[in-house]
Amino acid sequence: MDADAVIFELYGLRPADFTKARDAYVTQARREKDGAAAATIGGLRRPTLAVWAVNLLARTRPELAEALLRLGAELRRAHRELDGERMRALSHQRHQVIGALSAEAARLAAGAGERLREPALREVGEIFHGLLGDDDAARSWAAGRLAKPPPVTVGFDGLEPAPGAVPPPPTSASAPAPTPAAPARSAVGRGSARERRAAEERRARAAADRERAAEAAAELRRADRRLTEAAAARDRAEGEAAQLRDELSALRQRIETARRAVQETKQLYRRAEQAYTEAGRTAEKAARRPEESGRSED
């Protein structure tokens, strides 16, 4: 049994159909004495509605999945390099992309017969945010076989900057305390003292620069976290709005269908009423004929 093909098929099913299909494949694998496939498939867990919806998006719109993969790679690189300007630009792009993807996932799910309500919409947005920080999970999703939501990484908290992006803080070994200098008694002595003072000033400035860089990086992460949380709320609202628009469109179509049915029913009623009236007249004429025939015989 091709376990990979089975896994791909199972994660394309609606969650309500997953368990029955999985168990059927496990039974088949055991009949075929394929213990490895039976164990692999039997260990699969039913995806949540949100996971199914994002898998549906990746399978239906692979170009959108590739776009999210590229955006995630760029965000991770900008974070490692502590490129604040690039991170801010990409963060704005991230919120736009996730909003669009969430709305599209809700639309596709509704088309497949599943409405994503508020909890599922919130989970969809969280999944997309998590995929941006987890390259392995993102590639599983792009292949249409994401099994569970990735850990939520707000602001790429778990991603360390690249070496050299922020110089390491000074230690006692690298910045020993200066020893008192002997009083200068010559031009050479005075020159050495000036060099020591200049070196101390350079070390102090470097330490201050490192501290400012670390504070700026921390503040950038805090700002990105706040922006991410706000964007997640916006994404949920946009996804729900898109779903409501689809429902409104479907309701309008139902109203139009019902209106036409009412008109057709009215026309049928009028024709039936006319037929009834005509039948009554025919019956009256038929009833008068024997009477008229009797009078003529008299």
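Everything numeric here is computed off the predicted structure, so don't read it as measured data.

Draft legend 1. Representation of the overall build of the chain. Each helix and strand in the chain was counted, giving 9 helices and 0 strands. Counting from the amino terminus, the chain carries its helices and strands in the arrangement α-α-α-α-α-α-α-α-α. With 298 residues in all, the chain has 30% of them scored as buried. Considering only contacts in the chain between residues 6 or more positions apart, those separated by 24 or more positions represent 75%. For the chain, the exposed surface amounts to about 18700 Å²; the carbon and sulfur share of it is 53%.

Draft legend 2. Spatial organisation of the nonpolar core. Counting residues in hydrophobic clusters, the biggest one holds 34 residues, and the most contacted among them are Leu116, Phe128, Leu131 and Trp141. Listing elements by their share of this core, those giving two or more residues are α4 (49–60), α5 (62–80), α6 (84–111), α7 (118–133) and α8 (135–142). Once residues within four sequence positions are removed from consideration, Trp141 is found in contact with Val54, Asn55, Leu57, Ala58, Ala65, Leu68, Phe128, Leu131 and Leu146. Listed in part, the 14 residues of the second largest apolar core include Leu10, Phe18, Tyr25 and Ala29.

Draft legend 3. Layout of unusual backbone geometry. Within the chain, Lys33 stands out as a residue other than glycine whose phi angle is a positive 60°. Tracing the chain through its elements places Lys33 in the loop between α2 (15–31) and α3 (35–42).

Draft legend 4. Quick peek at α5. Relative to the 27 Å expected for 19 residues at 1.5 Å per residue, α5 spans 27 Å between its end C-alpha atoms, a close match to the ideal helical length. Buried within α5 we find Ala65, Leu68, Leu69, Leu71, Gly72, Leu75, Arg76, Ala78 and His79.

Draft legend 5. Spatial organisation of the packing of α4 against α6. The interhelical angle for the contact between α4 and α6, taken along N-to-C directions, is 95°, at an axis separation of 9 Å. With respect to each other, α4 and α6 are oriented roughly perpendicular. Facing α4, whose interface residues are Trp52, Ala53, Leu56, Leu57 and Thr60, α6 presents Leu101, Glu104, Ala105, Leu108 and Ala109. Grouping the constituent residues of the contact of α4 with α6 by class yields 8 nonpolar, 1 polar and 1 charged.

Draft legend 6. Region of the structure containing a nonpolar patch on the surface. On the surface, a cluster of nonpolar side chains totalling about 270 Å² of accessible area is made up of Leu248, Leu251 and Ile255. Take Leu248: its relative accessible area is 40%, and that puts it in the partly exposed class.

Draft legend 7. Molecular detail of the packing of α5 against α6. It is at 10 Å that the axes of α5 and α6 come closest, and there the two elements cross at 155°. Considered as vectors, α5 and α6 are oriented roughly antiparallel to each other. Where α5 crosses over α6, the two elements pack in a sense that is left-handed. On α6, the residues touching Leu64, Leu68, Leu71, Glu74, Leu75, Ala78 and His79 of α5 are Arg86, Met87, Leu90, Ser91, Gln93, Arg94, Val97, Leu101 and Glu104. The class makeup of the residues in the contact of α5 with α6 is 9 nonpolar, 3 polar and 4 charged.

Draft legend 8. The arrangement of the side chain of Asn55 in detail. For Asn55, the position within the fold is in helix α4. Residue contacts for Asn55: discarding those within four places in its chain leaves Tyr11, Trp141, Gly144, Arg145 and Leu146.

Draft legend 9. Broad picture of the packing of aromatic side chains. Overall, the coordinates contain 2 aromatic pairs when judged by the stated rule. Ring geometry for Phe128 against Trp141: centres 5.7 Å apart, planes inclined by 75°, an arrangement best described as edge-to-face. One end of the pair, Phe128, is in helix α7; the other, Trp141, is in helix α8, and 13 residues separate them in sequence. One exposure class covers both Phe128 and Trp141, and it is buried. Over the aromatic face of Phe8 sits the side chain of Arg59, whose NZ or CZ is 3.8 Å from the ring centroid.

Draft legend 10. Local environment of empty space enclosed by the protein. Summed over all chains, the structure comprises 2 cavities of 30 Å³ or more. The computed volume of the second largest cavity comes to approximately 30 Å³. Taken together, Leu68, Leu69, Gly72, Ala73, Arg76, Leu131, Leu132, Asp135 and Ala138 form the lining of the second largest cavity. Of all the secondary structure elements, the ones that give two or more residues to the lining of the second largest cavity are α5, α7 and α8. Per-element accounting of the lining of the second largest cavity gives the leading share, 5 residues, to α5. When grouped by side-chain class, the residues that make up the lining of the second largest cavity number 6 nonpolar, 1 polar and 2 charged.

Draft legend 11. Looking closely at the pattern of salt bridges. Overall, the coordinates contain 11 salt bridges when judged by the stated rule. A salt bridge links Asp23 to Arg22, with the nearest nitrogen and oxygen atoms 3.1 Å apart. Two residues, Arg61 and Glu63, come together in a salt bridge whose shortest N-O distance is 2.5 Å.

Draft legend 12. Structural detail: the confidence of the model for the chain. Predicted confidence across the chain gives a mean pLDDT of 78, with 71% of residues reaching 70 or more. Mean pLDDT values over the elements of the chain span from 72, in helix α9 (residues 187–297), up to 96, in α4. Taken together, the stretch residues 157–161 has pLDDT below 50 and engages in 9 contacts with residues farther than four places along the chain or on a different chain.

Each value, and the rule that gives it
- Residues numbered from 1 in each chain as written.
- Predicted model: local features only at pLDDT ≥ 70, side-chain atom pairs only at ≥ 80, totals over all residues.
- Heavy atoms only, no water.
- Helix = DSSP H or I, 4+ residues; strand = E, 2+ residues; numbered from the N terminus.
- Buried < 20%, exposed > 50% of the residue type's maximum accessible area, 1.4 Å probe, protein only.
- Contact = heavy atoms within 4.5 Å.
- Areas by Shrake-Rupley, 256 points an atom, 1.4 Å probe, with all protein chains shown as cover.
- Core = buried A, V, L, I, M, F, W, Y, C linked by side-chain atoms within 4.5 Å.
- Expected span 1.5 Å × (residues − 1).
- Axes fitted to C-alpha atoms, helices over the stretch in contact; angles between N-to-C directions.
- Parallel < 35°, antiparallel > 145°, perpendicular 65-115°, else oblique.
- Nonpolar A, V, L, I, M, F, W, Y, C, P; charged D, E, K, R; others polar.
- Patch = residues over 30% accessible without salt bridge, like charges linked within 9 Å, V, L, I, M, F, W, Y side chains within 5 Å.
- Salt bridge = Lys/Arg side-chain N within 4 Å of Asp/Glu carboxyl O.
- Left-handed = near helix turned anticlockwise from the far one by under 90°.
- Phe/Tyr/Trp six-rings, centres within 6.5 Å; stacked < 30°, edge-to-face > 60°.
- Lys NZ or Arg CZ within 6 Å of the ring centre and 35° of its normal.
- 1 Å grid on protein atoms, 1.4 Å probe; cavity = no way out; pocket = protein on both sides within 12 Å on 5 of 7 lines; lining within 4 Å.
- Points joined across faces, edges and corners; volume = space filled by probe spheres on them.
- pLDDT = per-residue confidence, 0-100.

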